[in-house]
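Fold and contact review
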Amino acid sequence: MENNLLEIKDLYVNVGEKEILKGVNLTVGSNETHVLMGPNGTGKSTLGYAICGNPRYDITGGDIIFDGESIKDMPVNERAKKGIFLSFQNPLEVPGVTLSAFIRSSLEQKTGQRMKLWDFKKKLKETMALLSMDEAYADRDLNVGFSGGEKKKAEILQLLMLEPKLAILDETDSGLDVDAVRTVSNGIKIFKERCEGSLLIITHSTKILEALTVDTTHIMESGVIVKEGDSSLVDEIISKGFEELKAGE
Amino acid sequence: MEEKIYVDDIDRSIYDIKDVEDDDFRMEEGLTADIIKKLSEEKDDPDWMKEFRLESLKIYNELKIPDWGPSIEGLDMDHIATYVRPKSNMENTWENVPQDIKDTFERLGIPQAERKSLAGVGAQYDSELVYHNVKDEVAEQGVIYTDMESAMKGEYADMVKEYFMKLVPPSDHKFAALHGAVWSGGSFVYVPKNTELSIPLQSYFRLNAKGAGQFEHTLIIVDEGASLHFIEGCSAPKYNVANLHAGCVELYVKKNAKLRYSTIENWSKNMYNLNTKRAIVEEGGSVEWVSGSFGSHVGYLYPMSVLKGDNSRMEFTGVTFAGNGQNLDTGAKVVHIGKNTSSYMNTRSISKSGGISTFRSSVVVNKSATGTKSAVSCESLMLDSESRSDTIPAMDIRTKDADVGHEAKIGSISDDAVFYLMSRGMSEEDARALIVSGFADNVSKELPLEYAVEMNNLIRLEMKGSIG
């Protein structure tokens, strides 16, 4: 399976003493768009964190293969450099570090070279315009005092600037107004077109998917994937809800 | 990342390179009237100064060592050489400074800094200034920047006599008395009326000799309507013998004058830094302190501002970083005397690997000081559970209309924030250093760029090897 960017094999993950993921299997191919849905508290975010390497999430069994290599013992920053990006559900505020300096230094980590300031500023400005972000945010401290919408846009801005191979979007659309969701959705589409990257989108709604073509939908319950299908599965869930869908099986 | 963080003593290699001691003159250790007389002769003091020293020694012997702060038991005054004169007369061209001393300052970046953005530089090596230079255009404006010894004997002798240790009298505390008795070196600055210096003046203090004391005196007078930014940097290599720094800074800010006084202190970690700094501000004047304290084994440092004139103001911005084996007791004091005066203190303290950082603030509002506004804000960051951070605010308000506020926050580095930064490719060490630098950006924002860079480098050095 040369084409597989991400392979999650029988993954077990604990947070503290509690087992959250109980044998997850999931495969994402190159340039594919996957949607991960499921009731609250079933382990969707845990899967995102485990893929990107949050040390608080203990992998107790199984493996994560990215680009043909097991990454389960790799520190989070190494995974990022390999091309994994997580858009946080609640991006953290870091005082004293500007959004622009943070993106520039992340880029430097990834590419091993410092981008010329002029080129960087130009690209940043253009990308912010795509996301209808006020330029002033570039020089503000990372997420400090940003509204919920601006925080999410700042995540997509990082996505577009860093150009990873795999982007995991953890409820990037939650708490956003209609216009903001549309902007974010367009941003994700641009990422797909520009970078031919893969997406794993964790969401409860279809709004964020409007600009995208979904290849596969996964439904998670109680720490395992219970159902997989194509994009039509998303609509089915939205109209019926998880309970009814389960009852119908 | 879940593991505990251990931090070794930092790599201070640049600062720790010791030069071979090659002194012209080294005082016998200990403190007696005879030694003071000898020092005074050696320095060719005017008579009044000789008397002043002997009187200060008397006061020193009468006063008790402070018992309310960190222990200074490791300091044995009988074994601190008070006066070490390097083998050099003062020079005003860099080429003429002796090679070993020059190398030291080159390593520390002093002449480079001067070339870049300073109006004048003084470099003190052990007890004496070895280099002094003021740019021509600054001298043409009538600005005087010279070493204290020359000032005391030259054209400005009367001014020195009028102001010297009037703001910080030897009777103030034991180490002020010590300073009065053995002071040596330091800078004298006079900025004439309505003269604005757009680029900063700098002095750099370097203590190389083992078991020695540095007692430089800085006297700055900013005359009416004038403005000045003065930067002070300090460093020393580490020896196993305790060194002592008991300097004294006196700042006179006249009517409608402005003074910003910035310090980056990075003494070695066997230094007892018992420094006294004070400013008196006349009507409409302002003093701004910017202070970064990184070095020293024990520090007592509370710059004080006396807001004497109506509508005068002070601002204090500080950061203190206490690592392994360091007990840094820092803070700021303000006394409001004039009407409608204002003060603002904004400090950050960082402690790691068992370091102790204490912040003391003292706000005094006299009866005369109606319309006073004062705000104190202190944030602490503890990098592990063995470190300690305390905040000790004191307020003495004697008016009814004072608007006084105080806030204190204590926290630790959030693992989530570290994870967030790392998730974009940054190493854990860089992520932590970035968060700590960000925490201290109240100070770095106020410093000229190259100093802000130096400060961030210091933080980076301190954070190095902090991952267990």
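Our structure is the block above this text.
Here the structure is a predicted model, which is why all the values come from computation and not from measurement. (Residues numbered from 1 in each chain as written. Chains lettered and ligands numbered in written order. Predicted model: local features only at pLDDT ≥ 70, side-chain atom pairs only at ≥ 80, totals over all residues. Heavy atoms only, no water.)

**Points about the overall build of chain B**
Helix and strand content of chain B: 13 helices and 25 strands. Out of the 468 residues in chain B, the part that is buried amounts to 62%. Accessible surface, chain B as shown: approximately 17,300 Å² in total, 46% of it carbon and sulfur. (Helix = DSSP H or I, 4+ residues; strand = E, 2+ residues; numbered from the N terminus. Buried < 20%, exposed > 50% of the residue type's maximum accessible area, 1.4 Å probe, protein only. Areas by Shrake-Rupley, 256 points an atom, 1.4 Å probe, with all protein chains shown as cover.)

**As for the layout of surface pockets**
One simple way to see leftover space: roll a probe sized like a water molecule over the atoms. The space that makes up the largest pocket amounts to roughly 950 Å³. Mapped by element, the contributors of at least two residues to the lining of the largest pocket are strand S7 (94-98), helix H3 (99-111) and helix H4 (117-130) of chain A together with helix H11 (428-439), helix H12 (441-444) and helix H13 (449-463) of chain B. With 7 residues, the single largest contributor to the lining of the largest pocket is H3 of chain A. Looking at the lining of the largest pocket residue by residue, the classes come out as 10 nonpolar, 10 polar and 10 charged. (1 Å grid on protein atoms, 1.4 Å probe; cavity = no way out; pocket = protein on both sides within 12 Å on 5 of 7 lines; lining within 4 Å. Points joined across faces, edges and corners; volume = space filled by probe spheres on them. Nonpolar A, V, L, I, M, F, W, Y, C, P; charged D, E, K, R; others polar.)

**Describing H4 of chain A**
All names here are of chain A. Helix length check: H4 (14 residues) gives 20 Å between terminal C-alpha atoms against 20 Å at 1.5 Å per residue, within 8%. Turning to H4, its buried residues number three or more, namely Phe120, Leu124, Thr127 and Met128. Seen along its axis, H4 keeps its buried residues to an arc of 100 degrees; they face one direction. The exposed set on the far side of H4, more than 90 degrees from its buried face, consists of Trp118 and Ala129. Buried residues belonging to H4 abut H3 and helix H5 (148-162). Positive phi shows up at Ser132, right after H4, with a value of about 45 degrees. (Expected span 1.5 Å × (residues − 1). Arc of directions from axis to C-beta. Contact = heavy atoms within 4.5 Å.)

**So, H3 of chain A**
The terminal C-alpha atoms of H3 of chain A lie 18 Å apart, and with 13 residues this matches the ideal 18 Å at 1.5 Å per residue to within 8%. Residues Leu99, Ser100, Phe102, Ile103, Arg104, Ser106 and Leu107 of chain A constitute the buried set of H3 of chain A. Its buried side turned inward, H3 of chain A meets S7, H4, strand S8 (141-142) and H5 of chain A together with helix H10 (415-422) of chain B. Gly112 of chain A sits one or two residues past H3 of chain A and shows a positive phi near 80 degrees.

**Points about empty space enclosed by the protein**
By the definition in use, this model includes 6 cavities of 30 Å³ or more. The volume enclosed by the largest cavity comes to roughly 110 Å³. Lining the largest cavity are 15 residues, with Phe316, Gly318, Thr320, Thr330 and Gly331 of chain B positioned closest to its centre. Those elements giving two or more residues to the lining of the largest cavity turn out to be strand S16 (286-293), strand S19 (313-322), strand S20 (327-336) and strand S21 (342-351) of chain B. With 4 residues, the top contributor of residues to the lining of the largest cavity is S19 of chain B. Split by residue class, the lining of the largest cavity holds 6 nonpolar, 8 polar and 1 charged. Quantified by volume, the second largest cavity comes out at close to 60 Å³. Forming the boundary of the second largest cavity are Ala80, Ile84, Phe85, Lys110, Leu162 and Pro164 of chain A together with Ser423 and Arg424 of chain B.

**Brief notes about the packing of aromatic side chains**
All names here are of chain B. In the structure shown here, the tally under the stated rule is 19 aromatic pairs over all chains. Measuring from ring centre to ring centre gives 5.4 Å for Phe52 and Phe164, while their planes differ by 70 degrees; the resulting arrangement is edge-to-face. With a gap of 112 residues between them, Phe52 in helix H3 (residues 47-62) and Phe164 in the loop between helix H8 (157-163) and helix H9 (174-182) connect regions that are remote in the sequence. Comparing Phe52 with Phe164 shows no difference in burial state: the two are buried. Measuring from ring centre to ring centre gives 5.8 Å for Tyr145 and Phe230, while their planes differ by 80 degrees; the resulting arrangement is edge-to-face. (Phe/Tyr/Trp six-rings, centres within 6.5 Å; stacked < 30°, edge-to-face > 60°.)

**Some details on the pattern of salt bridges**
Residues and elements named next belong to chain A. Going through the model one piece at a time under the given rule, you end up with 32 salt bridges over all chains. A salt bridge links Lys151 to Glu93, with the nearest nitrogen and oxygen atoms 3.2 Å apart. Of the two residues, Lys151 sits in helix H5 while Glu93 sits in the loop between strand S6 (84-87) and S7, which places them 58 residues apart along the sequence. On the accessibility criterion, Lys151 (16% relative accessible area) is buried. (Salt bridge = Lys/Arg side-chain N within 4 Å of Asp/Glu carboxyl O.)

**Side note on the side chain of His336 of chain B**
All names here are of chain B. With respect to the helices and strands, the residue His336 is situated in strand S20. Overall, the relative accessible area of 0% leaves His336 in the buried class. A distance of 2.8 Å separates polar atoms of two side chains, one belonging to His336 and the other to Thr341. Residue contacts for His336: discarding those within four places in its chain leaves Leu307, Thr341, Ser342, Ser343, Val363, Val364, Val365, Asn366, Ala369, Thr372, Lys373 and Ser374. (Polar contact = N/O pair within 3.5 Å; in protein donor to acceptor, adjacent residues only side chain to side chain.)

**Observations concerning the packing of H4 of chain A against H5 of chain A**
What describes two packed helices is the angle between their axes and the distance between those same axes. All names here are of chain A. Taken N-terminus to C-terminus, the directions of H4 and H5 make an angle of 130 degrees; their axes are 10 Å apart at the nearest point. By the criterion of interaxial angle, the relationship of H4 to H5 is oblique. The interaxial crossing formed by H4 with H5 has right-handed handedness. Listed contacts from H5 to Phe120, Lys123, Leu124, Thr127 and Met128 of H4 are Leu157, Leu160 and Met161. Across the contact of H4 with H5, the residue classes tally to 6 nonpolar, 1 polar and 1 charged. (Axes fitted to C-alpha atoms, helices over the stretch in contact; angles between N-to-C directions. Parallel < 35°, antiparallel > 145°, perpendicular 65-115°, else oblique. Left-handed = near helix turned anticlockwise from the far one by under 90°.)

**Brief notes about the pairing of S16 of chain B**
All names here are of chain B. Among the 8 residues in S16, 8 count as buried, and that is most of the element. The alternating pattern of S16 places Ser286, Glu288, Val290 and Gly292 on one face and Val287, Trp289, Ser291 and Ser293 on the opposite face, and all of these are buried. Two strands pair when backbone bridges link them, and strand S13 (residues 258-266) and S16 are joined in this way by 8 bridges, in the parallel orientation. Looking at the pairing, Arg260 lines up with Glu288 of S16. Sheet topology places S16 next to S19; 8 bridges connect them, and they run parallel. Paired with Gly292 across the two strands is Val319, which belongs to S19. (Pairing = 2+ DSSP bridges.)

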